[in-house]
Amino acid sequence: MDKTVRTRFAPSPTGYLHVGGARTAIFNYLYSRHTGGKFLLRIEDTDRQRYKPEWVDAILEGLKWLGLDWDEDVVFQSERLQRYREVAEELIRRGKAYRCYCTPEELEAEREEARRKGVPYRYSRKCLHLTEEQRKKYEEEGRRPSIRFYVPDNLDITFHDLVHGDITYNTNDLGGDFIIVRSDGFPTYNFAVVVDDHDMGVTHVIRGDDHIPNTPKQILIYQAMDWDLPRFAHLPMILGPDRQKLSKRHGSTSLEEFRLQGVLPEALFNYLLLLGWSPGGNREIISREEAIRLFDIKDVNKSAAVFDHNKLYWMNSEYIRALPDGELIRRLKEYNEYLKGKGQGYPVSDEHLPILVRLFKERTKTLKDFFEYGVFVYREDYPYDPKAVKKRLKDPNIFTYLKGLADRLEALDEWKEEKIEEVLRAYADELGVKHALLIHGSRVAVSGMAVGPSLFLLLEALGKEKVLRRLREVEERVRGSLNG
Ligand code: GLU
């Protein structure tokens with residue numbers, strides 16, 4: 001029997017969580033949950049120049065929002081410097097690594113030389129066989145050594161990638177002896193990742209396929225320490241529709257942006273899940289539980305996945321429609337609270353939310369749409385679309401008609417769609433005008449817009465008081481808004 005699966009997500013906190021990172025996290029999460037294993041989280045915060053504490057918070061928050069609950073304590077690389085030094089010393093003792101005292105200037109001179117000769121650069125190994133005296137002399141000069149890993153010459157390294165199959169690298173193509181601990185005492189990525197994955201008992205390293213070229217270097221370190229290798233699975237790249245690497249140019253790419261736009265976490269989860277994996281058939285809407293049941297690394301695709309924003313919004317609209325109204329109201333409220341925290345909230349109170357849901361549930365792509373389409377629901381100073389006014393309120397008598405309609409509606413006891421419709425149509429007949437004149441005119445009067453949900457539903461949902469007031473005041477307000 002295999003030992004318990006332990007996967008990990010290991011983001012570097014140098015920015016908001018990108019959808020590519022989130023997809024990696026989701027696959028790690030699903031595989032651990034599918035196998036009854038553990039999903040671990042490690043923050044790779046040793047690049048102190050690019051690190052900001054708020055990025056760590058954003059990552060943790062983003063993962064929680066997506067529902068990716070991790071097991072065990074979060075591991076921070078910055079708290080493990082001592083451990084990396086220990087392992088580096090052990091590698092030196094084993095003759096697998098050595099101290100390098102070369103200065104940046106000396107290394108640059110070597111690089112320059114390689115450029116002049118037109119050959120790929122690799123470190124000269126000048127410091128590989130330093131005598132004790134030479135070392136002392138350098139130390140006295142105040143030089144601080146880095147530690148380099150000794151890469152054996154001309155050795156084939158083959159590993160079996162669970163997505164890509166067998167991959168072989170020759171050690172001559174790895175760029176020479178690489179630094180594992182910098183002169184400032186900080187580990188480099190390839191080294192820290194091995195020490196951590198080993199110490200955390202990681203059994204499956206699932207990450208983006210941009211890390212394939214790092215894998216042979218990491219394997220050399222495992223072997224030098226006589227540690228068991230984890231299994232590797234490298235996930236396909238995510239591209240934009242133009243088949244270039246997904247970037248800002250293609251639109252939003254961070255979790256934060258999608259959350260601000262009002263994408264539901266379960267919709268984003270579902271969408272990202274399909275970037276490189278499919279449950280078979282043409283099925284696209286898959287719940288988290290089902291995904292956990294069906295997901296397997298061996299079914300992950302090798303070829304790059306294309307991120308399609310429109311498809312994500314379509315999926316989001318499906319998820320919005322599938323929510324029971326009460327739950328949707330709760331989500332809208334929660335979302336608006338989140339926006340308020342960012343200084344971007346809408347002035348909506350609880351009584352407006354059911355109206356927004358009733359009017360727009362069938363027509364929105366995001367939670368934000370409810371608030372954007374429904375300004376007239378929660379603000380009395382809603383804007384009038386000048387084109388709608390020009391087209392729908394141009395009849396010289398329209399304002400008189402709308403006031404007359406208000407009087408008729410006032411007499412209505414039962415404020416229901418069908419009743420409202422009857423009154424409006426009867427009144428149009430009485431005036432001898434087209435029903436459409438009053439229908440379109442009322443719509444613009446109560447909502448400021450020429451399009452929207454069915455008028456009678458709109459009037460019912462807004463409530464009698466608002467409707468009467470708006471029909472009566474539209475003349476004055478439109479004049480004010482168009483002149484002012
Ligand atoms: N911090 C690395 C990254 O964000 C982790 C790579 C890995 O999973 O080994 O790309």
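Owing to the predicted nature of the structure, the values given are computational and were not obtained by experimental measurement.

Help me get a handle on the packing of aromatic side chains, residues and values and all.
Enumeration according to the criterion identifies 16 aromatic pairs in this entry. Aromatic side chains Tyr29 and Phe39 sit 5.9 Å apart centroid to centroid with 85 degrees between the ring planes, which places their arrangement in the edge-to-face category. One end of the pair, Tyr29, is in helix H1 (residues 19-35); the other, Phe39, is in strand E2 (residues 38-43), and 10 residues separate them in sequence. An identical accessibility class is assigned to Tyr29 and Phe39; each is buried.

Help me get a handle on the site of the ligand, residues and values and all.
Around the ligand, the neighbouring residues are Arg8, Ala10, Ser12, Glu44, Tyr189, Val193, Arg207 and His211. Within the side chain of Tyr189, one N or O atom sits 2.7 Å away from an oxygen atom of the ligand. When the free accessible area of the ligand is taken as 300 Å², the share hidden by the protein chains comes to 79%. Residues that form the shell around the ligand fall into these classes: three nonpolar, two polar and three charged.

Quick one: what's the story with the environment of Ile92, residue by residue and with numbers?
One can find Ile92 in helix H3 (residues 81-93). In this structure Ile92 touches Ala97, Tyr98, Arg99 and Ile147, once residues within four positions along its chain are discounted.

Can you explain the side chain of Arg148? Please cite residues and give values.
In this structure, Arg148 sits in strand E5 (residues 146-149). Buried charge Arg148 goes without a salt bridge, the closest partner of opposite sign being Glu110 at 6.3 Å. From its side chain, Arg148 meets the backbone oxygen of Asp177 in a polar contact 2.9 Å long. Apart from the residues lying within four places of it in its own chain, the contact partners of Arg148 are Lys96, Ala97, Tyr98, Cys100, Leu107, Tyr123, Asp177, Phe178, Ile179 and Ile180.

Calculation rules
- Residues numbered from 1 in each chain as written.
- Predicted model: local features only at pLDDT ≥ 70, side-chain atom pairs only at ≥ 80, totals over all residues.
- Heavy atoms only, no water.
- Phe/Tyr/Trp six-rings, centres within 6.5 Å; stacked < 30°, edge-to-face > 60°.
- Helix = DSSP H or I, 4+ residues; strand = E, 2+ residues; numbered from the N terminus.
- Buried < 20%, exposed > 50% of the residue type's maximum accessible area, 1.4 Å probe, protein only.
- Near = heavy atom within 4 Å.
- Polar contact = N/O pair within 3.5 Å; in protein donor to acceptor, adjacent residues only side chain to side chain.
- Areas by Shrake-Rupley, 256 points an atom, 1.4 Å probe, with all protein chains shown as cover.
- Nonpolar A, V, L, I, M, F, W, Y, C, P; charged D, E, K, R; others polar.
- Contact = heavy atoms within 4.5 Å.
- Lys, Arg positive; Asp, Glu negative; His and termini not counted.
- Salt bridge = Lys/Arg side-chain N within 4 Å of Asp/Glu carboxyl O.

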